[in-house]
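# Secondary and tertiary structure notes
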Amino acid sequence: MSDQVVIFEELEAAGGSRIGVARLNAPRAMNALSLEMIHLLKAKLDQWAADDTIDAVWLEGEGDKALCAGGDIVALYRDMTEPRSDSRAVSEGDRFFTDEYELDYQIHTYPKPFIVWGNGVVMGGGIGLMSGGSHRVVTEHSRVAMPEVSIGLYPDVGAGWFLNKMPGRIGLFLGLTGARMNGADALFTGLADRFIRHDMREEVKQALQQSGFAGLEGGAHAAVSKVLRRFEEGSREAMPQAVVREHFDVIQALTDGDSLVDVVDNLSQYAGEDPWLIKAVKTVAAASPASLTLTWQHYHDTLHDSLSQVFDKELQISKRCLKMGEFAEGVRALLIDKDLKPRWHFPTLKSVDPEWIDRFFIEP
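These notes cover the structure that comes with them. (Residues numbered from 1 in each chain as written. Predicted model: local features only at pLDDT ≥ 70, side-chain atom pairs only at ≥ 80, totals over all residues. Heavy atoms only, no water.)

### Describing the sheet that holds strand β5 (residues 114-118)
One open sheet holds the six strands; their spatial order is β1-β2-β3-β5-β7-β9, and the pairing between them is mixed. The sheet is open, and its two borders are formed by β1 (6-12) and β9 (194-195), each paired with just one other strand. Both strand β2 (residues 18-24) and strand β3 (residues 54-61) contribute to a ladder of seven bridges, which runs parallel. Across the sheet, Ile19 pairs through a bridge with Ala56, a residue of β3. Sitting on the sheet, helix α1 (residues 35-50) is in contact with β1, β2, β3 and β5, with an inclination near 20° to β1. (Pairing = 2+ DSSP bridges. Helix = DSSP H or I, 4+ residues; strand = E, 2+ residues; numbered from the N terminus. Contact = heavy atoms within 4.5 Å. Axes fitted to C-alpha atoms, helices over the stretch in contact; angles between N-to-C directions.)

Here it is in structure tokens:
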């Protein structure tokens, strides 16, 4: 197996065209996104965008367990907690969030078909990679979530943009609870475009190679859609039941509140027996109250923002998260010491200091 953190290939296709393939190659870490991966991807995507023989790009994860489980949180923790020799230098965390959001925006605005094979775990930064693709594929193994409130962070990577575009208040619910979605849920919420069985992946690639990218009205995008549509039709029996769609009315009721305290009270009073909702409620109860507050405010502040405005706001908030201590404590409790006993800055929602929260949203 290659020791390259991203493997790049160029597949020959009909008519002299080619398909650029990028494969995240850190399967033992669930293909967690590192700064090196980000730099390699940005450079290669720029190169492929300028190459007239590349008609489409395909992104996937090595192995069968994950496209990408998020960012390299342990590296960010080290950057937040270890002494730095040069206090004037830009921190690795600042570089990570800046370059990650630039990569995500690059994918959103890519000039060629960008196919993302979202098999397995797609969480946090993995959603940042997938959400911008022009053709986003999920499978029967897809597990999609934004669980940042559990580690003292908040849903980022453009979440202020895509959570606000979901039906009803589903985006708010998913941001506050970190609830996991399956492939059918990703379709319903607008995070994916196609459902195809994972064992068809190589067949899909071969069909794209055999397809002519310039012959159809609509060009390369239409050619990709035609291939994916055919494989989706043969995958319908494998599609799971959409849990989010099934619980839509309950989610609407639980999130019907004029304040974050109202909504969290609604969730805490849920008396049903549905295991998916029970787990979501437990996540909120254990989450950082400061993170819940950031999530609530960012969700509402970005309701009418453009994608670029959302990324600008998230970059500011995320840089503050690196310095305010809550993120570092959440990572310590979950991934470093693994005691699962975070000492949050504020023990309850009602104790959260509004002036402390304002520091995330006011430009320094």
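Picking up where we left off.
### Overview of the layout of surface pockets
Of the pockets and cavities examined, the largest pocket occupies roughly 1,000 Å³. Taken together, 42 residues make up the lining of the largest pocket; nearest its centre are Met123, Pro147, Ser150, Ile151 and Leu334. Within the residue set of the lining of the largest pocket, elements represented by two or more residues are α2 (73-81), α3 (92-108), α13 (275-286) and α16 (326-336). Per element, the largest residue contribution to the lining of the largest pocket is six residues, and it comes from α13. Of the residues that constitute the lining of the largest pocket, the class distribution is 26 nonpolar, nine polar and seven charged. (1 Å grid on protein atoms, 1.4 Å probe; cavity = no way out; pocket = protein on both sides within 12 Å on 5 of 7 lines; lining within 4 Å. Points joined across faces, edges and corners; volume = space filled by probe spheres on them. Nonpolar A, V, L, I, M, F, W, Y, C, P; charged D, E, K, R; others polar.)

### Notes on a negative patch on the surface
A contiguous patch of negative charge, built from Asp256, Asp258, Asp262 and Asp265, is present on the exposed surface. The topology assignment puts Asp262 in helix α12 (residues 260-268). Looking at Asp262, the relative accessible area reads 32%, which means it is partly exposed. (Patch = residues over 30% accessible without salt bridge, like charges linked within 9 Å, V, L, I, M, F, W, Y side chains within 5 Å. Areas by Shrake-Rupley, 256 points an atom, 1.4 Å probe, with all protein chains shown as cover. Salt bridge = Lys/Arg side-chain N within 4 Å of Asp/Glu carboxyl O. Lys, Arg positive; Asp, Glu negative; His and termini not counted. Charge placed at Lys NZ, Arg CZ, Asp CG, Glu CD. Buried < 20%, exposed > 50% of the residue type's maximum accessible area, 1.4 Å probe, protein only.)

### So, the side chain of Ser291
Looking at where Ser291 falls in the secondary structure, it is placed in helix α14 (residues 289-301). For Ser291, a relative accessible area of 1% puts it in the buried group. The contact partners of Ser291, leaving out residues within four places of it in the chain, are Val149, Gly152, Leu153 and Tyr154.

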